[in-house]
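# Notes for the structure review
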Amino acid sequence: MDISFLREFNSAYEEKKIPFLEEMKIDYAKRKPLKGVRILHNLVNSYETLLKIEPLLLSEAELTLTAFDIFELPFHNEIDAVFKKSGIKYIKNYDDISGEFDIVMDCAARALQIKNITIKKGIVELTQSGSEIYKNTKLDIPIVSVDDSNLKNFECIYGTGEAFNRAIKEHTKQDISGKKFLVLGYGKIGHGVVKYLKEEGANISVAEVDPKKLELLKTQGITGFNIRSPEELKNLKNTINSFFAIVTCTGIPGVFEKTFSPDEIDKKVYLANMGAENEFGNSYHKERLLFEGNPLNFSLKHPTLMKYLDPIFYAHNLAAELIMNGEFKENRYYKFPVGIDNKIISTWKDFFKEDISEIYFDHF
């Protein structure tokens, strides 16, 4: 393995302020807390992922990379080439992976689709959709979710929200000020999308089912549709084609087609998914959806700015060390430790001097 090639490649990354992973590189190169630990790394492989895996390699983990199987990035060939030139073990297809691993670093619980592996020590999950699956999965190992944290609120609100604005403007080639948007779901990602659309001067409505979230939207001056209310759903159906774009952020694959069939939606309306899996559903042909129904920000060269990814990637790596140190005694689902979560957030705020108080809203 020629980690020097990876390090040189990473040194040219556009953003230079990456405090957490930079600190982790120094620490892991010295302590090597994951030396010999067999890790299967299953995330969307982006330029940012290359920065994430560098500390793991400096720690001398026995790292195997695979490719998230639901979609690929437009720039995946260049990233795959970096793996090859660095001599990193990369097995692209799940069916070709077999054997024992100590840790799986997972996304959307897709490791459950890898049939020929045994996981000995634990799983670290990155996403909400994956966390919901793992909460209801019986495994004889600890499962730690870094999504179950204020850190993930931070990444989704500020990182994903900002990235959505970049992506929708790139795809539509239009100024979105004054444009009408319908956002489905007001969780972490929905909140971020709404926040940054508001900053652009967009006209936003939100479809939700949670009364608490609908009340919060009202206090913020945002129109909310309770789609479990027959009257409000009828009103929404009557106005659905007045929107510039519809954005799904519910975390539920195929949820949109359960309420709106493709023939009800005018082709002039842009359809953008922001969930890990296509939330419009299979009845919507891929060519009808922006980026074929994959999360729209992942159509960008940089799906989320490293400024916002750095702390959550740090936490994802750190959780593997915590598992190996025996921090999680029982074979069950765990939230990422609150004390470490708060310390990382405090350090980020001290470093960047920015207000990120919206991560503490109580509707996530």
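Going along each chain's sequence as written, the residues are numbered from 1 onward. Reporting of local features is limited, given that this is a predicted model, to residues whose pLDDT is at least 70; pairs of side-chain atoms are given and counted only at 80 or more, and all residues count toward the totals for whole chains, interfaces and linings. The side-chain numbers reported here are obtained from all heavy atoms of the structure, hydrogens and water having been left aside.

### Comments concerning the packing of helix α1 (residues 3-11) against helix α3 (residues 47-58)
We count it as follows: Simply put, an axis is a line fit to the C-alpha atoms, just over the touching stretch for a helix, and the angle between two N-to-C directions goes from 0 to 180 degrees. Counting from the N terminus, the helices are the DSSP runs of H or I reaching at least four residues and the strands are the DSSP runs of E reaching at least two. Roughly parallel means an angle under 35 degrees; roughly antiparallel, over 145; roughly perpendicular, 65 to 115; everything else is oblique. Each helix crossing is assigned a hand: it is left-handed if the near helix lies turned anticlockwise from the far helix by less than a right angle, otherwise right-handed if that turn is clockwise. By definition in these notes, contact holds between two residues if any of their heavy atoms fall within 4.5 Å. Note on residue categories: nonpolar means Ala, Val, Leu, Ile, Met, Phe, Trp, Tyr, Cys or Pro, charged means Asp, Glu, Lys or Arg, and polar means any other residue, Gly included.
Two numbers describe how α1 lies on α3: the axes approach to 10 Å, and their chain directions differ by 140 degrees. On the basis of their axis angle, the class for α1 and α3 is oblique. As α1 packs across α3, the resulting crossing turns out to be left-handed. Contact residues: Ile3, Leu6, Arg7, Phe9 and Asn10 in α1; Tyr47, Leu50, Leu51, Ile53, Glu54, Leu57 and Leu58 in α3. Of the residues contributing to the contact of α1 with α3, the split by class is nine nonpolar, one polar and two charged.

### Focus on the sheet that holds strand β4 (residues 99-106)
Keep this limit in mind: DSSP bridges decide pairing: two strands pair if at least two such bridges lie between them.
Ordered by their spatial adjacency, seven strands build an open sheet running β3-β2-β1-β4-β5-β6-β12, and the pairing between neighbours is parallel. In the strand order of this sheet, the two ends are held by β3 (89-90) and β12 (333-335), each with one partner. Sheet analysis places strand β6 (residues 143-145) next to β12, joined by three bridges and oriented parallel. Bridging from a neighbouring strand, Val144 pairs with Tyr334 of β12. On the sheet, helix α5 (residues 128-135) packs against β4, β5 (117-125), β6 and β12 and is oriented at approximately 125 degrees with respect to β5. Sheet strands in contact with helix α10 (residues 306-324) are β4, β5 and β6, and its direction is about 125 degrees off that of β5.

### Points about the packing of aromatic side chains
We apply this condition: Side-chain rings of Phe, Tyr and Trp (the six-membered ring for Trp) are treated as a pair once their centres are within 6.5 Å; stacked means planes under 30 degrees apart, edge-to-face means over 60, and tilted covers the remaining angles. Counted as over-ring charges are cases with an Arg CZ or a Lys NZ within 6 Å of the ring centre that also lie within 35 degrees of the ring normal.
This model, assessed by the stated rule, comprises 21 aromatic pairs. Considering the side-chain rings of Phe256 and Phe260, the 4.9 Å spacing of their centres and the 25 degrees angle between planes classify their relative orientation as stacked. Among the aromatic side chains, those forming a connected cluster through ring pairs are Phe154, Tyr158, Tyr308, Trp348, Phe351 and Phe352. The ring of Phe244 has Lys179 sitting right over it, with the charged end atom 5.5 Å from the ring centre. Taking the ring centre of Tyr196 as reference, the NZ or CZ of Lys195 above it sits at 5.5 Å.

### A look at the state of the cysteines
Heads up, the rule is: Defined by distance alone, a disulfide is two cysteine sulfur atoms within 2.5 Å. Burial classes follow relative accessibility: with a 1.4 Å probe on protein chains only, a residue under 20% of its type's maximum area counts as buried, one over 50% as exposed, and anything between as partly exposed.
Under the defined criterion, the tally for this structure stands at zero disulfides. Distance from the sulfur of Cys107, which forms no disulfide, to the nearest cysteine sulfur (Cys156) is 11 Å. Under the relative-accessibility criterion, Cys107 is labelled buried at 8%. Free of any disulfide, Cys249 has its nearest neighbouring cysteine sulfur in Cys156, separated by 10 Å. Cys249 sits in the buried class, given a relative accessible area of 8%.

### Here's the deal with the pairing of β4
The buried fraction of β4 amounts to six of the eight residues, a majority that puts the element mostly inside the structure. Pairing analysis gives seven bridges linking β4 to β5, with the strands arranged parallel. Within β5, the residue paired with Asp106 across the bridge is Glu125.

### Things to note about the sheet that holds strand β8 (residues 203-208)
Judged by pairing direction, the sheet is parallel, and its five strands sit side by side in the order β9-β8-β7-β10-β11 without closing on themselves. Looking at which strands have only one partner, the edges of the open sheet turn out to be β9 (223-226) and β11 (270-273). Direction aside, the axes of adjacent strands within the sheet are offset by 20 degrees on average. Where strand β7 (residues 180-184) meets β8, five bridges bridge the pair, whose relative direction is parallel. Bridge assignment links Leu184 to a residue of β8, and that residue is Ala207.

### Describing the environment of Lys135
In plain terms, the rule: The definition of a polar contact used here is a pair of N or O atoms within 3.5 Å, where within protein one atom must be able to donate a hydrogen and the other to accept one, and adjacent residues in sequence count solely through side-chain atom pairs.
Its place among the elements puts Lys135 in helix α5. Each C-alpha atom of the pair Lys135 and Tyr334 lies 8.8 Å from the other, and the pair is 199 residues apart in sequence. Setting aside residues up to four positions removed in sequence, Lys135 forms contacts with Asp148 and Tyr333. A distance of 3.2 Å separates a polar atom in the side chain of Lys135 from a polar atom in the side chain of Glu132.

### Points about the environment of Glu327
As for its placement among the helices and strands, Glu327 is situated in the loop between α10 and β12. On the basis of relative accessibility, which here comes to 48%, the residue Glu327 falls in the partly exposed class.

### Some remarks on the pairing of β5
How we decide: Looking down the strands as they point away from the viewer, one classifies a crossover as right-handed if the path from the first strand across the helix to the second runs clockwise.
Pairing of β5 with β6 involves three bridges; the strand directions are parallel. Note on β6: the bridge partner recorded for Glu125 is Ser145. Taken together, β5, α5 and β6 form a β-α-β motif whose crossover is right-handed.

### Remarks on the side chain of Thr248
With respect to the helices and strands, Thr248 occurs in strand β10 (residues 245-248). Thr248 has contacts with Leu184, Phe256, Ala272, Asn273, Met274, Gly275, Glu279 and Phe280, leaving out every residue within four places of it along the chain.

### Details of helix α6 (residues 150-172)
Formally: Helix span, expected: 1.5 Å multiplied by one less than the number of residues in the helix. Two axes define the bend at a residue: one fitted to the seven residues ending there, one fitted to the seven starting there, and the bend is the angle between them.
Between its first and last C-alpha, α6 extends 32 Å over 23 residues, near the 33 Å set by a 1.5 Å rise per residue. A maximum bend of about 25 degrees is found in α6 at Thr160. For α6, a buried count of 18 out of 23 residues is recorded, marking the element as mostly surrounded by other parts of the structure. Downstream of α6 by a residue or two, Lys173 has a phi angle that is positive, lying close to 60 degrees.

That's the geometry; what it means functionally is another story.
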